[in-house]
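Structural overview
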Amino acid sequence: MSGPTRWIGALRTRRSGGSRTRRLLERHLTVLLALALLSMSVLLVSYREAQISAGEMRTRGAPAVQGVAATQLALLRAHQEAQFSVRHDIDGVVGAGARYESQLSAAAQGLSRLNDVQLDGDRGRGVLETVNGLLTSYSSSITPGAVKYVSDEPMQREKFAEAETILSRDGTGVVPRLDVLQEHQMQRIDTVSSLGTLRRTGWVLAELALLAMASTTLSALRVLRRRCGRSFDPWLLTTLLATVVLAVFPLWATTNTQQRLDTAHAGLVRIERRAHADGDLARSQQYVTDESASVRADLAAQGWQSWTYYGALGGGALIVLLPAVGIGRRLNADYWRAG
């Protein structure tokens, strides 16, 4: 074979090899970009959902459950105080109704706050409107019984019986209606605080996509080393590091948030149960107050949560741009004439 023929054959071989390398690098780049976009879309949505759940629990869920429990206990305590004053013959003493009136006032204030935070939508607002009307009727019965009809025992008994019916009648009383509202709220709390199937699937998909991206990045580094004579590529090495960080840190942050949600959920369950526990109502009220403070502390917003989201957003931009720069430089520098 003549010299020119050998030279042309060698050139064709180099071009053919360069063309194959170019196509291989282009496939790696396409896969990397697709995996980066997929993983970051799912990761950011999944992380944001966890933070939204924590925010809803903090601003509405916990106050709503605590509000219903506190209102129920205040109403029961008001009724208990009114009965106590009659039973111990102190209802005729000036100021004897102050303790029951303070509890009744606390219940009214609790209902007012519930309008802003309750979790049962229009149905919940309807329940609260009805309960407010019943509370007015209850006050119209219990107040004369405890204050006005001190010397008229039959009338006093009748007013107390009316108040008892309004407060506790099955299905239509104030406390049973609040029980229904609390049941619906706890169902919503269960949904908000749990890591459901959809959220789990989102995290599994994001982590698998990031794992696939790390593997593809390693494969691209091997191609550059073996076919292009590049010992390492700083752009792809940085991509690999960013991918590992994104696979670990947002997941850790979400796990931390989920643990706090689980702890808060358990606290709200205890609050809901304590509102129905037999025993000292004053101690139950104090327990609800203390447990509510603990739940709020568990749900307190952490500054690093927002920074984690924006950090993940920045990391997502990096794992999209860095492979394009790293592989694109090699394509333009070494293979722009090939194929």
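Summary of the structure given here. (Residues numbered from 1 in each chain as written. Predicted model: local features only at pLDDT ≥ 70, side-chain atom pairs only at ≥ 80, totals over all residues. Heavy atoms only, no water.)

What the largest pocket holds in volume is close to 250 Å³. Sorting the residues of the lining of the largest pocket by element identifies α1 (3-87), α2 (98-117) and α8 (281-299) as the ones contributing at least two each. Residues of the lining of the largest pocket, tallied by class, amount to 9 nonpolar, 7 polar and 1 charged. The space that makes up the second largest pocket amounts to roughly 150 Å³. What lines the second largest pocket is simply Arg48, Gln51, Ile52, Ala54, Gly55, Glu56, Arg58, Ala301, Gln302, Gln305, Ser306 and Tyr309. Every element with two or more residues in the lining of the second largest pocket is listed here: α1 and α9 (303-334). (1 Å grid on protein atoms, 1.4 Å probe; cavity = no way out; pocket = protein on both sides within 12 Å on 5 of 7 lines; lining within 4 Å. Points joined across faces, edges and corners; volume = space filled by probe spheres on them. Helix = DSSP H or I, 4+ residues; strand = E, 2+ residues; numbered from the N terminus. Nonpolar A, V, L, I, M, F, W, Y, C, P; charged D, E, K, R; others polar.)

This next bit is on helix α4 (residues 153-168). Residues spaced three or four apart along an α-helix face the same direction, because each turn holds 3.6 residues. End to end, α4 covers 22 Å across 16 residues, agreeing with the expected 22 Å (1.5 Å per residue, within 8%). Listing the buried residues of α4 in full gives Gln156, Lys159, Phe160, Ala163, Ile166 and Leu167. When α4 is viewed along its axis, its buried side chains cluster within an angular range of 125° and face the same direction. Pointing more than 90 degrees away from the buried face of α4 are the exposed residues Pro154 and Arg157. (Expected span 1.5 Å × (residues − 1). Buried < 20%, exposed > 50% of the residue type's maximum accessible area, 1.4 Å probe, protein only. Arc of directions from axis to C-beta.)

Right, let's talk about the pattern of salt bridges for a bit. All told, the structure shown has 7 salt bridges when counted by the stated rule. Between Arg77 and Glu81 there is a salt bridge, with the nearest N and O atoms lying 3.2 Å from each other. With a gap of 4 residues between them, Arg77 and Glu81 both fall in helix α1, about one helical turn apart. Side by side, Arg77 and Glu81 carry an identical accessibility label, which is buried. In this structure, the salt-bridge partner of Glu291 is Arg270, at a minimum N-O distance of 2.8 Å. Pair noted here: Glu291 is in helix α8 and Arg270 is in helix α7 (residues 234-274), with a separation of 21 residues, a long-range link. The class for Arg270 is partly exposed, based on a relative accessible area of 39%. (Salt bridge = Lys/Arg side-chain N within 4 Å of Asp/Glu carboxyl O.)

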